[in-house]
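Listed here are the chains, written in short residue letters.
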Amino acid sequence: MKIAFIGGGNMATALIAGLVKNLGAGAQVHVVDPNADAREKLAAQYGAATSASIDAAVGACDVIVLAVKPQQMRDVAAALAPQLAQLTQLNNGPLVLSIAAGIRSVDLSRWLGGYGAIVRTMPNTPALIGMGITGMVATSGVSGAQRAAADSVMRAVGETVWLDDEALIDPVTAVSGSGPAYVFYFLEAMQAAAVEMGLSAEQGKALALATFAGAAELATQSSESLEVLRQRVTSKGGTTHAAITSMEAAGVKPAIMAAMRAAAARGRELGEELGAD
């Protein structure tokens, strides 16, 4: 599988590293990035071929990963469209895989001259250490083989969840795309409280991180629901019960749910703003 990356930033680098490690695809990766330092680094570390602009080598790939900022996508699509038009005439079009937030498939297809083989994804930053999870949705023009190729690319940096409706990408964004920030926010609060109660910042951070990581792994391995796991730690009248009661009184759970709804709504707004003519 030959894979082209348009954009060589952090997420693209994570994907390339995962592909090289898991699929041995280093020699089959081509990266387009205007930054010479980024190109040199990717070539040196992963054996990737590189270029400063979209060229014929991109069109020769089986998968083209669009890994640029959402605000840059329209210009990138305009540069890529002529290549795809030629390949479509030859019945040899590649899969276009977008990891850009907010860019709807219908708009990307329009910018690409009506191109139909598109998979839209929403990865998250734990992909940088191979522990990401990516929501994915395919357009009707994506073949079974292309769907499998898209899945293998994103599984190089974590798990994948396929969706039947692109509208669900916005909730995925709210849960997992933005989710790492919620975790860091909660960890910040735990560390701050630890310091307030007399522990050092280092001790508070170590305790909070280990607790979060351990609890998440316990939930992953357990067949019990999250509610049951929480209840088993919350003995009535005990310390955990006091903490949960305080959170309930403060409306923490409704506040978190409202925040996630706000994230999903902003995702829909971004799609409308970036896709507007």
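These figures come from a predicted structure and were not determined experimentally.

Participant: Would you mind going over the sheet that holds strand β4 (residues 63-66) with me for this structure?
Facilitator: Within a sheet, adjacent strands bond to each other through the backbone by hydrogen bonds, running parallel or antiparallel. One open sheet accounts for 8 strands, arranged β3-β2-β1-β4-β5-β6-β7-β8; its pairing is mixed. Edge strands, defined here as strands with exactly one partner in the open sheet, are β3 (49-51) and β8 (158-162). Pairs of neighbouring strands in the sheet enclose a mean axial angle of 25°, with direction left out of account. Where helix α1 (residues 10-23) meets the sheet, its contacts fall on β1 (3-6) and β2 (29-32), and the angle it forms with β1 comes to roughly 160°. Strand contacts of helix α7 (residues 169-177): β6 (118-122) and β7 (132-138), with the helix running at about 35° to β6, the strand carrying the most contacts.

Participant: Please clarify how the pairing of β8 should be interpreted in this entry.
Facilitator: A regular strand places its side chains so that they alternate between the two faces of the sheet. Where β7 meets β8, 5 bridges bridge the pair, whose relative direction is parallel. Considered in β8, the bridge of I133 is made with E159. Between β7 and its parallel partner β8, the chain crosses via helix α6 (residues 144-155), and the hand of that crossover is right-handed.

Participant: Hey, could you run me through the pattern of salt bridges in this one?
Facilitator: Side chains bearing opposite charge may pair, as long as their charged atoms lie close to each other. Following the criterion strictly, the structure yields 7 salt bridges and no others. Between R155 and D151 there is a salt bridge, with the nearest N and O atoms lying 2.9 Å from each other. A residue pair is termed a helical-turn pair when its members lie 3 or 4 positions apart in one helix, as R155 and D151 do in helix α6 at 4 residues. One salt bridge in this structure joins E269 and R266, with 3.1 Å as the shortest N-O distance. Separated by 3 residues within a single helix, E269 and R266 lie in helix α12 (residues 252-275), roughly one turn from each other. Residue class for R266 comes out partly exposed when judged on its relative accessible area of 36%. It is possible to trace a salt-bridge network through shared partners that takes in R104, D107 and R110.

Conventions we followed
- Residues numbered from 1 in each chain as written.
- Predicted model: local features only at pLDDT ≥ 70, side-chain atom pairs only at ≥ 80, totals over all residues.
- Heavy atoms only, no water.
- Pairing = 2+ DSSP bridges.
- Helix = DSSP H or I, 4+ residues; strand = E, 2+ residues; numbered from the N terminus.
- Axes fitted to C-alpha atoms, helices over the stretch in contact; angles between N-to-C directions.
- Contact = heavy atoms within 4.5 Å.
- Right-handed = clockwise from strand over helix to strand, strands pointing away.
- Salt bridge = Lys/Arg side-chain N within 4 Å of Asp/Glu carboxyl O.
- Buried < 20%, exposed > 50% of the residue type's maximum accessible area, 1.4 Å probe, protein only.

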